[in-house]
Amino acid sequence: MSTALPPCPQPEEPLDETPVLVQLGAGADEPCLRADAARNRARLLDAAARLVAEHGAAGVTMEAVAAAAKVGKGTVFRRFGDRTGLLTALLDHAEKKFQAAFLSGPAPLGPGAPPVERLRAFGCAALRRAADDLELQLAAEPCPDRRFVVPARRVRYGHVVMLLRQAVPDADCEILAQTLMGYLEPALIHHLTRQCKMPMERLQEGWYDLVARVTCTKQPG
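Residues numbered from 1 in each chain as written. Predicted model: local features only at pLDDT ≥ 70, side-chain atom pairs only at ≥ 80, totals over all residues. Heavy atoms only, no water.

### A look at the packing of aromatic side chains
Part 1: Overall, the coordinates contain 4 aromatic pairs when judged by the stated rule.
Part 2: Aromatic side chains Phe98 and Phe122 sit 5.7 Å apart centroid to centroid with 25° between the ring planes, which places their arrangement in the stacked category. Of this pair, Phe98 sits in helix α4 (residues 83-104) while Phe122 sits in helix α5 (residues 115-132), placing them 24 residues apart in sequence.
Part 3: Geometrically, the ring pair formed by Tyr183 and Trp207 is tilted, given 5.9 Å between the ring centres and 45° between the ring planes. With Tyr183 in helix α9 (residues 173-183) and Trp207 in helix α11 (residues 200-215), the pair connects residues that are 24 residues apart, well separated along the chain. (Phe/Tyr/Trp six-rings, centres within 6.5 Å; stacked < 30°, edge-to-face > 60°. Helix = DSSP H or I, 4+ residues; strand = E, 2+ residues; numbered from the N terminus.)

### A few points about the pattern of salt bridges
Part 1: Counting across every chain of the model gives 9 salt bridges.
Part 2: For Glu185, the salt bridge is made with Arg153, and the minimal N-O distance between the two is 3.5 Å. Here the residue Glu185 occupies a position in the loop between α9 and α10 (186-195), and Arg153 occupies one in helix α8 (residues 151-167), the gap between them amounting to 32 residues.
Part 3: Under the relative-accessibility criterion, Glu185 is labelled buried at 18%. (Salt bridge = Lys/Arg side-chain N within 4 Å of Asp/Glu carboxyl O. Buried < 20%, exposed > 50% of the residue type's maximum accessible area, 1.4 Å probe, protein only.)

### Concerning the side chain of Arg153
Part 1: Classification of Arg153 by relative accessible area gives buried; the value is 9%.
Part 2: Excluding residues within four positions of it along the chain, Arg153 makes contact with Arg147, Phe148, Gln178, Met181 and Glu185. (Contact = heavy atoms within 4.5 Å.)

### Details of unusual backbone geometry
Part 1: Looking along the chain, the bond that leaves Ala107 and enters Pro108 is cis, with omega of 10°.
Part 2: Relative to the helices and strands, Pro108 is located in the loop between α4 and α5.
Part 3: For Lys70, which is not a glycine, the phi torsion comes out positive at approximately 60°.
Part 4: Looking at the element boundaries, Lys70 is found in the loop between α2 (62-69) and α3 (73-80).
Part 5: You can call Lys70 exposed: its relative accessible area is 71%.
Part 6: In the Ramachandran plot, Cys216 falls in the positive-phi region, its phi being about 55° despite a non-glycine side chain.

### Topic: the nonpolar core
Part 1: Of all hydrophobic cores here, the largest spans 34 residues; its most connected members are Leu127, Val160, Leu164 and Leu180.
Part 2: Of all the secondary structure elements, the ones that give two or more residues to this core are α4, α5, α8, α9, α10 and α11.
Part 3: Looking at this core element by element, the count peaks at 8 residues for α5.
Part 4: If near-sequence neighbours (up to four positions away) are discounted, Leu164 is found in contact with Leu119, Pro169, Cys173, Leu176, Ala177, Leu180, Val214 and Thr215.
Part 5: Among the nonpolar cores identified, the runner-up in size contains 19 residues, and Leu45, Met62, Ala69 and Ala140 belong to it. (Core = buried A, V, L, I, M, F, W, Y, C linked by side-chain atoms within 4.5 Å.)

### Section: the side chain of Gln204
Part 1: Examined against the element boundaries, Gln204 turns out to sit in helix α11.
Part 2: When near neighbours in sequence (up to four residues on either side) are disregarded, Gln204 contacts Cys124, Leu127 and Arg128.

### A few points about the packing of α5 against α8
Part 1: Across the interface, α5 lies against α8 with an axial gap of 9 Å and an inter-helix angle of 155°. Classified by the angle between their axes, α5 and α8 sit roughly antiparallel to one another. Pair α5 / α8 crosses with left-handed handedness. Between α5 and α8, the contacting residues are Pro115, Val116, Arg118, Leu119, Phe122, Ala126 and Arg129 on the first element and Arg156, His159, Val160, Met162, Leu163, Leu164, Gln166 and Ala167 on the second.
Part 2: Of the residues belonging to the contact of α5 with α8, the class tally is 10 nonpolar, 2 polar and 3 charged. (Axes fitted to C-alpha atoms, helices over the stretch in contact; angles between N-to-C directions. Parallel < 35°, antiparallel > 145°, perpendicular 65-115°, else oblique. Left-handed = near helix turned anticlockwise from the far one by under 90°. Nonpolar A, V, L, I, M, F, W, Y, C, P; charged D, E, K, R; others polar.)

### Quick notes on the packing of α5 against α11
Part 1: Two elements in contact, α5 and α11, have axes whose closest approach is 10 Å; the angle formed by their N-to-C orientations is 150°. Judged by the inter-axis angle, α5 sits roughly antiparallel to α11. The chirality of how α5 crosses α11 is right-handed. Taken together, the residues of α11 that come into contact with α5 (itself represented by Val116, Leu119, Arg120, Gly123, Cys124, Leu127, Arg128 and Ala131) are Met200, Leu203, Gln204, Trp207, Tyr208, Val211 and Thr215.
Part 2: Among the residues making up the contact of α5 with α11, the classes are represented as 10 nonpolar, 3 polar and 2 charged.

Honestly, that's just the spatial picture; any functional story needs more than this.
Here it is in structure tokens:
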């Protein structure tokens, strides 16, 4: 006898256009840092950025950052928690700029364009965003039990759900949003561009095609 599956919990996504910038890491208390703590944090991030520039993301360890910043290793752990926290802090500034662009920037990425146009623009911008910091994003990839619940991804996911509800209100927009988000995962972008040698233009055309199929619309051009 079959057993009915329990209902999935409803996703917690924003359903309006209210701009809410969410940091990648656990830096919500950053505005309240004492001046000396803020300077130390900036010093550590500067050291980590230099290591990325010189050795790539693989060269960024807690020990290496502590040595480059001339502080104890415990200081780095207290500020960022672990290596993933440090790497996500490095990505935080660019992520907040991206969030601002799709939440409140000019159309078609921001409000003011039809939802399908915004979906097309969102995917292309996310692909470029991933390509710019691909190695760092891969190194900062959360473990499986955190991957889908980190705040920055939830903001992106909620945005895609909102646009899908406007474009295809009768569809299962939560599932479709996960499908679209899967296309934008850094690991897949790395595989397609670095291992399969696909140009970014092909990935963008693939995104247009996926959005067209999901929303039952025609590709642009």
